[in-house]
Amino acid sequence: SEAVHLSNFEVRMGERASLRDFTLIEGGRATRQQGFVTFEGEHAEARIGGAYLLGGSQHADTRLVVDHAVPHCTSRELFKCVMDDDARGVFQGKVLVRQKAQKTDGKQSSHGLLLSPTAEFDTKPELEIFADDVVCGHGATSGELNEDHLFYLRARGIPEEEAKSLLIGAFAAEAFDFVENDAVRDALSGLAASWLARRRK
């Protein structure tokens, strides 16, 4: 629980290369990861996902740069971050589309779910485009559990804590969909369920 984890990865993608990357941050006092992905060959695809499950005074920080340096490449980045107690999550993502990288398809989004009034999520999405013929977008949100959704579940006889767990689990599970292997995806869902169970005690 007192661990500090720092990581860095750099990927250079050749023609028709495929990258599938997913990170779940669930333990440790402080975690920082940096990622740099550069498309150097056409018709390559990168899917980068992540999830935070943070409580106490944990801190997790992700910085990601995706550089579309050539045409006809696709990138997807999705991070779903859950913070409880005094935890703090940070996401800074940048998608760069260079002038010759026509026909780029790039989308990035980060979403924070705050379970306590003292939790914090700081996000800075960046999209820098120098090409004309592209399909790109980014988005970021943060907020509390949706009271209407919670009311809907409770009106159907689901106890409040169980209803909250269902909503939190569904929020994080969207990021797990980036994982194509069923067994790995199920293992991640199990880790999230265990984390939620510990938070309810």
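Here is what the cut-offs are and how they apply
- Residues numbered from 1 in each chain as written.
- Predicted model: local features only at pLDDT ≥ 70, side-chain atom pairs only at ≥ 80, totals over all residues.
- Heavy atoms only, no water.
- Phe/Tyr/Trp six-rings, centres within 6.5 Å; stacked < 30°, edge-to-face > 60°.
- Helix = DSSP H or I, 4+ residues; strand = E, 2+ residues; numbered from the N terminus.
- Pairing = 2+ DSSP bridges.
- Axes fitted to C-alpha atoms, helices over the stretch in contact; angles between N-to-C directions.
- Buried < 20%, exposed > 50% of the residue type's maximum accessible area, 1.4 Å probe, protein only.
- Salt bridge = Lys/Arg side-chain N within 4 Å of Asp/Glu carboxyl O.
- Left-handed = near helix turned anticlockwise from the far one by under 90°.
- Contact = heavy atoms within 4.5 Å.
- Nonpolar A, V, L, I, M, F, W, Y, C, P; charged D, E, K, R; others polar.
- Expected span 1.5 Å × (residues − 1).
- Arc of directions from axis to C-beta.

What follows deals with the packing of aromatic side chains. This structure, assessed with the given rule, holds two aromatic pairs. With a centroid separation of 5.8 Å and 75° between ring planes, the pair formed by Phe-22 and Phe-176 is classed as edge-to-face. Placement of Phe-22 in strand 2 (residues 18–25) and of Phe-176 in helix 2 (residues 160–176) is noted, with a sequence separation of 154 residues between them. With a centroid separation of 4.7 Å and an interplanar angle of 35°, the aromatic rings of Phe-79 and Phe-91 are classed as tilted.

This part covers the sheet that holds strand 10 (residues 135–143). If you walk across this open sheet you meet the five strands as 2-4-6-8-10, and the pairing is parallel. Edge strands, defined here as strands with exactly one partner in the open sheet, are strand 2 and strand 10. Direction aside, neighbouring strands of the sheet carry axes that sit 5° apart on average. Of the pairings in the sheet, the one linking strand 2 to strand 4 (residues 45–54) comprises eight bridges and is parallel in character. Counterpart to Phe-22 in the pairing with strand 4 is Gly-49.

Let us look at unusual backbone geometry. A positive phi angle is found at His-43, which is not glycine, with a value near 60°. For His-72, which is not a glycine, the phi torsion comes out positive at approximately 60°. Exposure remark for His-72: the relative accessible area of 36% places this residue in the partly exposed category.

A separate point is the pattern of salt bridges. Oppositely charged side chains may form a pair once their charged atoms are brought near each other. Counting across every chain of the model gives 18 salt bridges. The partner of Asp-67 in a salt bridge is Arg-98, with the nearest N and O atoms 2.8 Å apart. Linking Asp-67 in strand 5 (residues 59–68) with Arg-98 in the loop between strand 7 (88–97) and strand 8 (105–114), this pair joins segments that are 31 residues apart in sequence. By relative accessible area, which is 39% here, Arg-98 ends up partly exposed. Here the salt bridges share partners, and the residues they tie into one network are Glu-10, Arg-12 and Glu-40.

In a beta sheet, neighbouring strands are held together by backbone hydrogen bonds and run either parallel or antiparallel to one another. Judged by pairing direction, the sheet is parallel, and its five strands sit side by side in the order 1-3-5-7-9 without closing on themselves. Looking along the sheet, the strands with just one partner apiece sit at the ends: strand 1 (4–13) and strand 9 (120–129). On average, each strand axis in the sheet is inclined to that of its neighbour by 5°, with strand direction left out of account. The sheet contact formed by strand 5 and strand 7 spans ten bridges and is parallel. What sits directly across from Asp-67, in strand 7, is Leu-96.

Moving on: the packing of helix 2 against helix 3 (residues 182–200). Remark: helix 2 packs on helix 3, axes separated minimally by 10 Å, with the N-to-C direction vectors making an angle of 150°. Along this stretch, helix 2 crosses helix 3, giving a crossing that reads as right-handed. Facing Glu-161, Glu-162, Ser-165, Ile-168, Gly-169 and Phe-176 of helix 2, the residues of helix 3 in contact are Arg-185, Leu-188, Ser-189, Ala-192, Leu-196 and Arg-200. When the residues that make up the contact of helix 2 with helix 3 are grouped by side-chain class, the tally is five nonpolar, three polar and four charged.

So, on to helix 3. Taking 1.5 Å as the rise per residue, helix 3 with 19 residues should run 27 Å; its terminal C-alpha atoms sit 27 Å apart, in good agreement. Turning to helix 3, its buried residues are Leu-188, Ala-192, Trp-195 and Leu-196. Angularly, the buried residues of helix 3 cover 100° about the axis, an arc narrow enough to put them on a single face. Away from the buried face of helix 3 by more than 90 degrees, exposed residues Ala-183 and Asp-186 are located.

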